[in-house]
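The residues making up each chain are set out below.
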Amino acid sequence: MNHLCATTAFGLESVVKREIADLGFETDGVENGRVYFHGGTDAIPKANLWLRCADRVLLIMGQFKAVTFDELFEQTKALPWEDWIPEDGYFPAAKITSVKSTLFSKSDGQRIVKKAVVERMKSVYKQDWFKEEGAQYPIHIQILKDEVTLSIDTSGSGLNRRGYRQYANGAPLKETMAAALVLLSRWQPERFFLDPLCGSGTIVIEAAMIGKNIAPGLRRHFVSEAWEAVGTKAWDLARLEAEQ
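Overview of the structure. (Residues numbered from 1 in each chain as written. Predicted model: local features only at pLDDT ≥ 70, side-chain atom pairs only at ≥ 80, totals over all residues. Heavy atoms only, no water.)

1. What about the overall build of the protein chain?
Applied cut-off: Working definition: helices are DSSP H or I runs of at least four residues, strands are E runs of at least two. Numbering for both runs from the N terminus. Computation of the radius of gyration draws on C-alpha atoms, with the globule rule given as 2.2 Å multiplied by the number of residues to the power 0.38. Each residue is placed in one exposure class: buried if its accessible area under a 1.4 Å probe, protein chains only, is under 20% of its type's maximum, exposed if it is over 50%, and partly exposed if it falls in between. The criterion used for residue contact is that any of the two residues' heavy atoms lie within 4.5 Å. For accessible areas, the Shrake-Rupley method is used with a probe of radius 1.4 Å. Any residue's cover is judged against the shown protein chains and nothing else.
A count of helices and strands for the protein chain gives seven helices and seven strands. N-terminal to C-terminal, the α/β element order of the protein chain is β-α-β-β-α-β-α-β-α-β-β-α-α-α. Its C-alpha atoms give the protein chain a radius of gyration of 19 Å, within 12% of the compact-globule value 18 Å for 244 residues. In terms of overall dimensions, the protein chain has a C-alpha envelope of 60 × 40 × 35 Å along the principal axes. The buried share of the protein chain, reckoned over its 244 residues, is 49%. Looking at the protein chain alone, contacts between residues at least 24 apart form 75% of all its contacts between residues at least 6 apart. For the protein chain, the computed accessible surface area is about 12,800 Å², with 52% contributed by carbon and sulfur atoms.

2. Concerning the sheet that holds strand β5 (residues 93-99)
Operational definition: One requirement defines pairing of two strands: DSSP has to find at least two bridges between them. Axes here mean lines fitted to C-alpha atoms, for a helix over just the part in contact, with angles spanning 0 to 180 degrees between N-to-C directions.
Read from one edge of the open sheet, seven strands run β2-β3-β1-β4-β7-β6-β5, paired in mixed fashion. Where the open sheet ends on each side, the last strands, each with one partner, are β2 (26-31) and β5. Neighbour-to-neighbour, the strand axes of the sheet open up by a mean angle of 30°, direction not taken into account. Bridge count between strand β6 (residues 139-144) and strand β7 (residues 147-153): six bridges; the pairing is antiparallel. Residue pairing for β7: I141 is matched across the bridge by L150. Contacting β4 (56-65) and β7, helix α3 (residues 69-77) crosses the sheet at an angle of about 120° to β4.

3. Quick look at the packing of helix α5 (residues 175-184) against helix α6 (residues 202-211)
Between two packed helices, what matters for the description is the angle formed by their axes and the separation of those axes. Keep this limit in mind: A clockwise turn of the near helix away from the far one marks a right-handed crossing, whereas an anticlockwise turn of less than a right angle marks a left-handed crossing. Side-chain classes follow a simple rule in which Ala, Val, Leu, Ile, Met, Phe, Trp, Tyr, Cys and Pro form the nonpolar group, Asp, Glu, Lys and Arg form the charged group, and the remainder, Gly included, forms the polar group.
Between α5 and α6, whose axes approach to 8 Å, the crossing angle comes to 65°. Like other packed secondary-structure pairs, α5 and α6 cross with a definite hand, here right-handed. Every residue of α6 that contacts α5 at E175, A178, A179, L181, V182 and L183 is listed here: T202, I203, E206, A207 and I210. When the residues that make up the contact of α5 with α6 are grouped by side-chain class, the tally is eight nonpolar, one polar and two charged.

4. Some thoughts on the environment of V57
Relative to the helices and strands, V57 resides in strand β4. Of the residues examined, V57 reaches a relative accessible area of 0% and is grouped as buried. Distance in space between the C-alpha atoms of V57 and T7 is 6.5 Å, their sequence separation being 50 residues. Filtering out sequence-adjacent residues up to four positions away, V57 remains in contact with C5, A47, N48, L51, I152, D153, T154, S155 and L159.

5. A few points about a negative patch on the surface
So the rule is basically this: Within this analysis, patches are made of residues with over 30% relative accessible area and no salt bridge. Like charges are joined at 9 Å or less; nonpolar side chains (Val, Leu, Ile, Met, Phe, Trp, Tyr) at 5 Å or less. Any carboxyl oxygen of Asp or Glu within 4 Å of a side-chain nitrogen of Lys or Arg constitutes a salt bridge here. The charge count includes Lys and Arg as positive and Asp and Glu as negative, but it does not include His or the ends of the chains. Working definition for charges: the position is that of NZ of Lys, CZ of Arg, CG of Asp or CD of Glu.
Judged by side-chain charge, E87, D88, E133 and E228 come together as a negatively charged surface patch. Of note, D88 is situated in the loop between α3 and β5. Taking relative accessible area as the criterion, D88 reaches 41% and is therefore assigned partly exposed.

6. Thoughts on the nonpolar core
Applied cut-off: The criterion is simple. A nonpolar core is a set of buried Ala, Val, Leu, Ile, Met, Phe, Trp, Tyr and Cys residues joined through side-chain atoms within 4.5 Å.
L51, W81 and W227 are the most contacted members of the largest nonpolar core, which totals 59 residues. Among the elements that line this core, the one with the most residues is helix α4 (residues 106-125), at six residues. Apart from the residues within four sequence positions on either side, W81 is in contact with M61, T76, V117, R120, I139, L150 and I152.

7. Some words on the side chain of T202
Spelled out, the test is: Whenever two N or O atoms come within 3.5 Å, that pair is a polar contact, provided that in protein one can donate a hydrogen and the other can accept it, and provided that, for residues adjacent in sequence, both atoms are side-chain atoms.
Topologically, T202 is positioned in helix α6. Polar side-chain contacts of T202 include one of 3.0 Å to the side chain of R165. A polar atom in the side chain of T202 sits 3.3 Å from the side chain of S200. When near neighbours in sequence (up to four residues on either side) are disregarded, T202 contacts Y164, R165, L173, E175 and A178.

This is how it looks when you write it as structure tokens:
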């Protein structure tokens, strides 16, 4: 079982929690903008393909307290990164947030985490240099009140990038937010759906996809599709089920 996290806009946690339950996964914690749940390897493609209101699906690697950069380095290095990242994997410290924490320097936090993962990989793969030419494994770092959560982004671009719109206007409504508005309205497919003030039609499109039970991620790709630890078979099966 893998510890996963669906990130979302503040206020939509209950909607995403309900979506996760509908997919058959059990949630084990809710924070501001985050819903935690467990699932097997198949949960990664299934959650990415089907979650309408989440922003990303993160694979939680570890959670711990750190008030010094030495603690951050040692506890990051102790995590089993090799379980997911192969020798040729590209693993940037892609995103960091630090709120009310002793470790407030974001650039230093990214540098320390990256160095710790490299040292861990060196000890496992017996290599001094990694070309990082393979699949992407973007590392996300969240530090909140000195509690560190390290994760790998399984989605790549945000889940609002459905793939059905190449261009958008100057102030588009995110597709994830539009889907949430439809779900919160308790609309049912057998009823009319009217949006007389539609701009680019995002709310109507999302309602149509909900009414037709179309997986929102069916027309796009995700970084974890190239992960050896997930495998193409799991993704092919999830897409086939979604198409059916």
